[in-house]
Amino acid sequence: MSNRMWGGRFATGPAAIMEEINASIGFDQKLWKQDIAGSRAHSAMLAARGIISAEDLEKIRAGLDEIAGEIEAGTFTFSRSLEDIHMNIEARLAEKIGPAAGRLHTARSRNDQVALDVKLWVRDTLDHLDGQFAELMMVMAEKALAHAAVVMPGFTHLQSAQPVTFGHHLLAHVEMWARDRARFRDARARLNECPLGAAALAGTSFPIDRAMTAASLGFDRPTANSMDSVADRDYALEALSAASIAAVHLSRLAEEIVIWTSAQFRFVKLSDAFTTGSSIMPQKRNPDAAELVRAKTGRIMGSLAALTMVMKGLPLTYQKDMQEDKEQIFDGLESLSLALAATTGMVRDLEPEVGTLKRAAGSGFSTATDLADWLVRRLGIPFREAHHVTGRIVGIAAAKNTTLDKVSLAEMRDVHAGITEEVFSVLSVSKSVASRVSYGGTAPKNVRAQAKRWISRLAREKSPA
């Protein structure tokens, strides 16, 4: 490997192992669009400030356009000997336009160049993820509206607790994803400062206009400290942190889908589009898409942990350790994007088994709390006493292997003489869920209102201003 890009400082090339550990072109070529965008903005600013000529600017622009076309067409040759995407593009530009290419790097370092490219890539990816979350939330809200009155068991400890509606359960995930989306939007707002112009670490003596390049690249402002500009990747850590939380939320739904599609539950069904068969058991339909979404969580959290460890002991400013940031950023955020796409597909595909859900909703004495609440409301007894009375009536139902609404009035009155026929009005599953009208509760009318609110809100975001 020659050192022609570095000039006279190095007389000989490095050992082969140095090329192997130093080269990043195998993965950072993913930054080519961002690198070219940064160079276009930088060259325009240099010309506007009289640092390079208008003629050189036109040559640089034309050369960069040609290089972008080559990369898009798959005819560009990426060279390991040139280490990274920045030097590959610069070398090709020199081949195309000659000495004018060397003027592009005026008042710029690879340090602020890579900081810009990575930040642009993260920002672009966060915008893409925002759209994916919006689509997933819309699909889920529509599914919730369609099944707002379908009853199912609500669980604590994976044990039947109280009946809820299927739509209410689905909307719980929409609320989680809304917070995930907000975290990414917060991260995007914080990262939207432009590091270009920080140069190696101390800024530059050239009369550059950092506000111009920041504006042309869609940033709110330039970064305020040149050392911080090239030294930190906290915006990537924040994005991966938000991705890790989002992946946990996707994994929880994936786990539910795995459980719900099992032969023991049969709460929902997925089509062949999101399941696979067994190599030996012909009856199997495995929820592989859900299982892989569940597994992606470890991978995404691993990216966060790895990048945190890279950054934790670095003195200011740039260190070569930071080359290890890209693979973690790329893999973590792209894995989340894939998990979002798979989850959206599964949600769109899945259908509740209404009969099974209704039968399961009444199991486990799930209306016991309704009975206790009725005792408090109608008989005026303290809740703890009502809890005790209800427990004894549940014991009677369990001994008879029946449900609470099948326990006779006489048997209930043996436990508490004040119980009347009215008690049966609260013991059915449908009446139980209908009674949960407090804000955020599972009553079908609540669920319909919340689902419509989300659908309307997401539709407004999608509509042009």
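Before reading further, recall that the structure is shown in the block above.
How each quantity is defined
- Residues numbered from 1 in each chain as written.
- Predicted model: local features only at pLDDT ≥ 70, side-chain atom pairs only at ≥ 80, totals over all residues.
- Heavy atoms only, no water.
- Phe/Tyr/Trp six-rings, centres within 6.5 Å; stacked < 30°, edge-to-face > 60°.
- Buried < 20%, exposed > 50% of the residue type's maximum accessible area, 1.4 Å probe, protein only.
- Lys NZ or Arg CZ within 6 Å of the ring centre and 35° of its normal.
- Helix = DSSP H or I, 4+ residues; strand = E, 2+ residues; numbered from the N terminus.
- Expected span 1.5 Å × (residues − 1).
- Arc of directions from axis to C-beta.
- Contact = heavy atoms within 4.5 Å.
- Salt bridge = Lys/Arg side-chain N within 4 Å of Asp/Glu carboxyl O.
- Polar contact = N/O pair within 3.5 Å; in protein donor to acceptor, adjacent residues only side chain to side chain.
- Axes fitted to C-alpha atoms, helices over the stretch in contact; angles between N-to-C directions.
- Parallel < 35°, antiparallel > 145°, perpendicular 65-115°, else oblique.
- Left-handed = near helix turned anticlockwise from the far one by under 90°.
- Nonpolar A, V, L, I, M, F, W, Y, C, P; charged D, E, K, R; others polar.

Draft legend 1. Expanded view of the packing of aromatic side chains. Summed over all chains, the structure comprises eight aromatic pairs. Residues Trp260 and Phe267 carry aromatic rings whose centres are separated by 6.5 Å and whose planes lie at 45 degrees to one another, so their mutual orientation is tilted. Both residues of the pair, Trp260 and Phe267, belong to the buried class. Three or more aromatic residues joined by ring pairs make a cluster, and in this case those are Phe155, Phe166, Trp260, Phe265 and Phe267. Above the plane of the ring of Phe219 lies Arg123, whose end atom (NZ or CZ) is 4.5 Å from the centre. Over the face of the ring belonging to Trp454 we find Arg453, whose NZ or CZ atom lies 4.9 Å from the ring centre.

Draft legend 2. Structural detail: the environment of Ala254. Summarising the element assignment, Ala254 is placed in helix H11 (residues 234–260). Taking relative accessible area as the criterion, Ala254 reaches 1% and is therefore assigned buried.

Draft legend 3. Representation of helix H16 (residues 383–399) in the model. Its 17 residues place the ends of H16 24 Å apart at the C-alpha level, agreeing with the 24 Å of an ideal helix rising 1.5 Å per residue. Turning to H16, its buried residues are Ala386, Val389, Thr390, Ile393, Val394 and Ala397. Relative to the axis of H16, the buried residues are bounded by an arc of 145 degrees and lie together on one face. Away from its buried face, by an angle of more than 90 degrees, H16 presents the exposed residues Arg384, His388 and Ala399. Where H16 is buried, its residues touch helix H15 (368–379) and helix H17 (409–415). Once H16 ends, the next one or two residues include Asn401, with phi positive near 55 degrees.

Draft legend 4. Geometry of the pattern of salt bridges. In the structure shown here, the tally under the stated rule is 31 salt bridges. Here Asp56 makes a salt bridge to Arg103, at a shortest N to O gap of 3.3 Å. Taken as a pair, Asp56 in helix H4 (residues 54–73) and Arg103 in helix H6 (residues 100–103) lie far apart in primary sequence, 47 residues in all. With its nearest N and O atoms 3.2 Å apart, the salt bridge here joins Glu411 to Lys400. Of this pair, Glu411 sits in helix H17 while Lys400 is found in the loop between H16 and H17, placing the two residues 11 residues apart along the sequence. One salt-bridge network, held together by shared partners, links Glu66, Glu70, Arg92, Glu95 and Lys96.

Draft legend 5. Quick peek at the side chain of Ser335. Along the chain, Ser335 turns up in helix H13 (residues 325–349). Polar contacts involving the side chain of Ser335 include one to the main-chain carbonyl oxygen of Asp331, which spans 2.7 Å. The contacts of Ser335, once residues within four sequence positions are left out, are Lys296, Arg299 and Ile300.

Draft legend 6. Representation of helix H14 (residues 354–361) in the model. Leu357, Ala360 and Ala361 are the residues of H14 that are buried. Viewed along the axis of H14, the buried residues span an arc of 105 degrees, placing them on a single side of the element. Summarising the geometry of H14, the exposed residues directed more than 90 degrees from the buried face are Lys358 and Arg359. Buried-residue contacts for H14 involve strand S1 (151–156), strand S2 (159–165), helix H8 (166–191), strand S6 (351–352) and helix H18 (429–435).

Draft legend 7. Examining the packing of H15 against H16 more closely. Contact geometry for H15 and H16: axes closest at 9 Å, N-to-C directions at 135 degrees. Classed by the angle they form, the pair H15 and H16 counts as oblique. As H15 packs across H16, the resulting crossing turns out to be right-handed. Every residue of H16 that contacts H15 at Ala368, Leu371, Ala372, Asp373, Leu375 and Val376 is listed here: Phe383, Ala386, Val389, Thr390, Ile393 and Val394. Across the contact of H15 with H16, the residue classes tally to 10 nonpolar, one polar and one charged.

Draft legend 8. Unusual backbone geometry, seen in detail. Thr317 follows Leu316 through a cis peptide bond whose omega is 10 degrees. Note on placement: Thr317 falls in the loop between helix H12 (288–311) and H13. Of note in the backbone geometry, Glu83 takes a positive phi value of approximately 75 degrees without being a glycine. With respect to the helices and strands, Glu83 occurs in the loop between H4 and helix H5 (85–97).

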